[in-house]
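Examining the three-dimensional arrangement
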Amino acid sequence: EPEVTQTPSHQVTQMGQEVILRCVPISNHLYFYWYRQILGQKVEFLVSFYNNEISEKSEIFDDQFSVERPDGSNFTLKIRSTKLEDSAMYFCASSEATTGNQPQHFGDGTRLSIL
Amino acid sequence: AQTVTQSQPEMSVQEAETVTLSCTYDTSENNYYLFWYKQPPSRQMILVIRQEAYKQQNATENRFSVNFQKAAKSFSLKISDSQLGDTAMYFCAFSQGAQKLVFGQGTRLTINP
């Protein structure tokens with residue numbers, strides 16, 4: 001069964017540095033998402049992306065964050081000038097269509113640790 | 001804004017027992033979708049079951065079934081004949097089509113041998 005793949009599985013970065021989290025969505029999917037889960041807390045929506053543009057973003061997704069689909073297969077989340085509170089599990093998800101009949105499929109996540 | 005509430009932070013049952021996880025949500029919309037996701041210690045997010053709000057029939061997937069009460073805005077998950085592999089964090093989630101998933105706080109379920 002096709003899967004959403006995320007790399008790296010664990011990223012350790014010094015505070016203030018930039019980090020890029022990578023995702024390869026399922027190939028025929030058109031809608032892409034990033035979520036964040038701080039340790040011990042619930043999963044929070046960051047941003048959704050369709051047709052090469054952001055379709056929705058949360059309050060968390062401020063100017064520090066950006067997303068890109070650079071080559072038609074990868075979907076990246078860039079975090080500039082990282083802060084300690086950015087430490088979290090970051091999940092990428094994709095779905096085939098806009099209806100709930102096509103649920104979001106999640107990757108295994110990238111654990112981001114800011115030192 | 002939509003909210004999802006899971007009032008049981010932790011639950012524990014013996015293997016082969018039946019367990020029900022509670023979820024309530026708040027929305028003013030009439031058309032929406034509800035999901036249960038499982039997150040085992042490996043940290044993956046795995047879809048367990050989904051329900052369309054316009055369907056009155058409760059969804060079932062093998063040992064997993066839901067009790068969807070639209071008027072009460074309740075969406076509980078029942079796991080029958082629980083297995084050790086069911087040990088995980090379970091998240092209830094709400095969405096409207098391709099919109100974001102809104103998650104509850106999660107219920108940590110432990111199946112004891």
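Note that this is a predicted model, so its numbers are computed, not measured.

To continue, consider the overall build of chain B. The secondary structure content of chain B amounts to zero helices and 12 strands. Ordered by position from the N terminus, the helices and strands of chain B form the series β-β-β-β-β-β-β-β-β-β-β-β. Against the compact-globule benchmark of 13 Å for 113 residues, chain B has a radius of gyration of 13 Å, which places it among compact chains. On the principal axes, the C-alpha backbone points of chain B span a range of 40 × 25 × 20 Å. Evaluated residue by residue, chain B yields a buried proportion of 50% over its 113 residues. Pairs at least 24 residues apart make up 54% of the contacts formed inside chain B by residues separated by at least 6 positions. Split by element, the accessible area of chain B, about 5,400 Å² in all, is 43% carbon and sulfur. Between the mean site of the 10 positive side-chain charges and the mean site of the 9 negative ones, chain B shows a separation of 6 Å.

Here chain B averages 93 in pLDDT, while 98% of its residues score no lower than 70. The secondary structure element of chain B with the lowest average pLDDT is strand β6 (residues 46-52) of chain B, at 93, and the one with the highest is strand β3 (residues 19-21) of chain B, at 98.

So, on to the state of the cysteines. Tallying each qualifying case throughout the model produces two disulfides over all chains. Cys23 of chain A shares a disulfide with Cys92 of chain A; S-S distance 2.0 Å. Negative torsions about the S-S bond denote left-handed disulfides, and the value of about -65 degrees found for Cys23 of chain A with Cys92 of chain A makes this one left-handed. Highlighted residues: Cys23 of chain A in strand β3 (residues 19-24) and Cys92 of chain A in strand β9 (residues 88-95), separated in sequence by 69 residues. Considered together, Cys23 of chain A and Cys92 of chain A belong to a single accessibility category, that of buried residues. One disulfide in the model links Cys23 of chain B with Cys92 of chain B; its S-S distance is 2.0 Å. Disulfide Cys23 of chain B-Cys92 of chain B: torsion about the S-S bond near -70 degrees, hence left-handed. Of this pair, Cys23 of chain B sits in the loop between β3 and β4 (24-26) while Cys92 of chain B is found in strand β10 (residues 88-95), placing the two residues 69 residues apart along the sequence. Across this residue pair, the class does not change: Cys23 of chain B and Cys92 of chain B are buried.

So, about the interface of chain B and chain A. With 20 residues of chain B in contact, the opposing surface of chain A contributes 21 residues. Around 1,900 Å² of area is buried between chain B and chain A when both sides are counted, 52% of it from carbon and sulfur atoms. Taken together, the links from chain B to chain A amount to one salt bridge. With a closest N to O distance of 3.6 Å, Lys100 of chain B and Glu56 of chain A form a salt bridge. Put simply, chain B and chain A have four residue pairs in polar contact (both at pLDDT 80 or more) between them. Those elements that provide at least two residues to the side of chain B that touches chain A are β5 (33-39) and β6 of chain B. Considering each element in turn, the side of chain B that touches chain A owes the most residues, four residues, to β5 of chain B.

The subject of this paragraph is the packing of aromatic side chains. Within the structure shown, the criterion is met by 20 aromatic pairs over all chains. Ring centres 5.7 Å apart and planes at 25 degrees place the aromatic pair Phe61 of chain A and Phe65 of chain A in the stacked group. The buried category is assigned to Phe65 of chain A, whose relative accessible area is 5%. Three or more aromatic residues joined by ring pairs make a cluster, and in this case those are Tyr33, Tyr35, Phe45, Phe91 and Phe106 of chain A together with Phe35, Tyr37, Phe91 and Phe103 of chain B.

Criteria and cut-off values
- Residues numbered from 1 in each chain as written.
- Chains lettered and ligands numbered in written order.
- Predicted model: local features only at pLDDT ≥ 70, side-chain atom pairs only at ≥ 80, totals over all residues.
- Heavy atoms only, no water.
- Helix = DSSP H or I, 4+ residues; strand = E, 2+ residues; numbered from the N terminus.
- Rg over C-alpha atoms; globule rule 2.2 N^0.38 Å.
- Buried < 20%, exposed > 50% of the residue type's maximum accessible area, 1.4 Å probe, protein only.
- Contact = heavy atoms within 4.5 Å.
- Areas by Shrake-Rupley, 256 points an atom, 1.4 Å probe, with all protein chains shown as cover.
- Lys, Arg positive; Asp, Glu negative; His and termini not counted.
- Charge placed at Lys NZ, Arg CZ, Asp CG, Glu CD.
- pLDDT = per-residue confidence, 0-100.
- Disulfide = S-S within 2.5 Å.
- Buried area = accessible area lost by both parts, 1.4 Å probe.
- Salt bridge = Lys/Arg side-chain N within 4 Å of Asp/Glu carboxyl O.
- Polar contact = N/O pair within 3.5 Å; in protein donor to acceptor, adjacent residues only side chain to side chain.
- Phe/Tyr/Trp six-rings, centres within 6.5 Å; stacked < 30°, edge-to-face > 60°.

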